[in-house]
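Listed below are the residues making up each chain.
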Amino acid sequence: MTDSPVLTWEDVAHRYGRKIYTFAYRLTGNPDDAADLVQDVFLRVRKGLASYTPGSFDGWLWRITRNAFLDGVRKQQRRPTSLLPEGDHSLLGASPSPDEVLAAVRLSDDVQAALLKLPYDFREAVVLCDVVGLTYTEIADATEVPVGTVRSRIHRGRSMLRGLLTWPV
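**With respect to helix α5 (residues 109-117)**
Moving on, step 1. Listed in full, the buried residues belonging to α5 are Q112, A114 and L115. Projected onto a plane normal to the axis of α5, the buried residues spread over an arc of 165° and lie on a single side. For α5, the exposed residues lying more than 90 degrees away from the buried face are D109 and K117.
Moving on, step 2. Turning to α5, the residues buried within the fold contact α1 (9-28), α6 (120-132) and α8 (147-165).

**Here we look at the pattern of salt bridges**
Note on pairing: side chains with opposite charge can pair once their charged atoms come close.
Moving on, step 1. Taken as a whole and assessed by the stated rule, the structure comprises 7 salt bridges.
Moving on, step 2. Two residues, R63 and E144, come together in a salt bridge whose shortest N-O distance is 3.6 Å. Here R63, found in helix α3 (residues 57-78), pairs with E144, found in the loop between α7 (136-143) and α8; they are 81 residues apart in sequence, far enough to count as distant.
Moving on, step 3. Owing to a relative accessible area of 19%, R63 belongs among the buried residues under this scheme.
Moving on, step 4. With a relative accessible area of 59%, E144 lands in the exposed category.
Moving on, step 5. Beyond isolated ion pairs, a larger network of salt bridges with shared partners links D40, R44 and D71.

**Side note on the side chain of T143**
Moving on, step 1. Take T143: it is sitting in helix α7.
Moving on, step 2. Among the polar contacts made by the side chain of T143, one reaches the main-chain carbonyl oxygen of I139 at a distance of 2.7 Å.
Moving on, step 3. Filtering out sequence-adjacent residues up to four positions away, T143 remains in contact with R66, E124, L128 and V150.

**Examining the packing of aromatic side chains**
Moving on, step 1. By the definition in use, this model includes 5 aromatic pairs.
Moving on, step 2. Here the aromatic rings of Y21 and Y25 are separated by 6.3 Å at their centres, their planes lie at 20°, and the arrangement is stacked. On the criterion of helical spacing, the pair formed by Y21 and Y25 is a turn pair, its members being 4 residues apart in helix α1.
Moving on, step 3. Look at Y21 and you get buried, because its relative accessible area is 6%.
Moving on, step 4. For Y25, a relative accessible area of 10% corresponds to the buried category.
Moving on, step 5. Ring pairs connect the aromatic residues Y16, F57 and W60, which therefore count as one cluster.

**Some thoughts on the confidence of the model for the chain**
Moving on, step 1. For the chain, the average pLDDT comes to 77, and 75% of its residues sit at 70 or higher.
Moving on, step 2. Per-element confidence in the chain ranges from a low mean pLDDT of 48 for helix α4 (residues 98-105) to a high of 92 for α8.
Moving on, step 3. A low-confidence stretch, residues 88-92 stays under pLDDT 50, and its non-local contacts, those more than four residues away or across chains, total 2 contacts.
Moving on, step 4. Contacts of residues 101-105 to residues separated by more than four positions or lying in other chains number 8 contacts, the stretch itself having pLDDT below 50.

Rules behind the numbers
- Residues numbered from 1 in each chain as written.
- Predicted model: local features only at pLDDT ≥ 70, side-chain atom pairs only at ≥ 80, totals over all residues.
- Heavy atoms only, no water.
- Buried < 20%, exposed > 50% of the residue type's maximum accessible area, 1.4 Å probe, protein only.
- Helix = DSSP H or I, 4+ residues; strand = E, 2+ residues; numbered from the N terminus.
- Arc of directions from axis to C-beta.
- Contact = heavy atoms within 4.5 Å.
- Salt bridge = Lys/Arg side-chain N within 4 Å of Asp/Glu carboxyl O.
- Polar contact = N/O pair within 3.5 Å; in protein donor to acceptor, adjacent residues only side chain to side chain.
- Phe/Tyr/Trp six-rings, centres within 6.5 Å; stacked < 30°, edge-to-face > 60°.
- pLDDT = per-residue confidence, 0-100.

Okay, structure coming up:
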């Protein structure tokens, strides 16, 4: 018998879907890539829930999201993409959902562009802390690095962001 109720896939999607999408969008900088990443995360969660052992669920979930993102980056590096020709793209897919639009507009274009210029480890730490709202301990668990490293990455990442967002007077 367990002390806490078992989460279903639907519970995870309902409780964490918006946060996962926001994290994915901040990592990828593209709503379509973020939606694909979220879909991949939910597939991995669905497969992994049966074997999940109680512990830090948030850490487990963010580690899945992080690994899915890194796997996607590796795939993309192995398989170059070509852009679609210019023209009518309306047939390619539906408009983004309200959640996607909300997540996409919460940060200004300047801040999103600056985030994408940060090295991945710093971007990940800053987004998990300042956008998703995880504690340093939860970030350390998700990224499998010591809390001191998380603190350092957040401090340095914020410093780099300030440098990228400060304009000469």
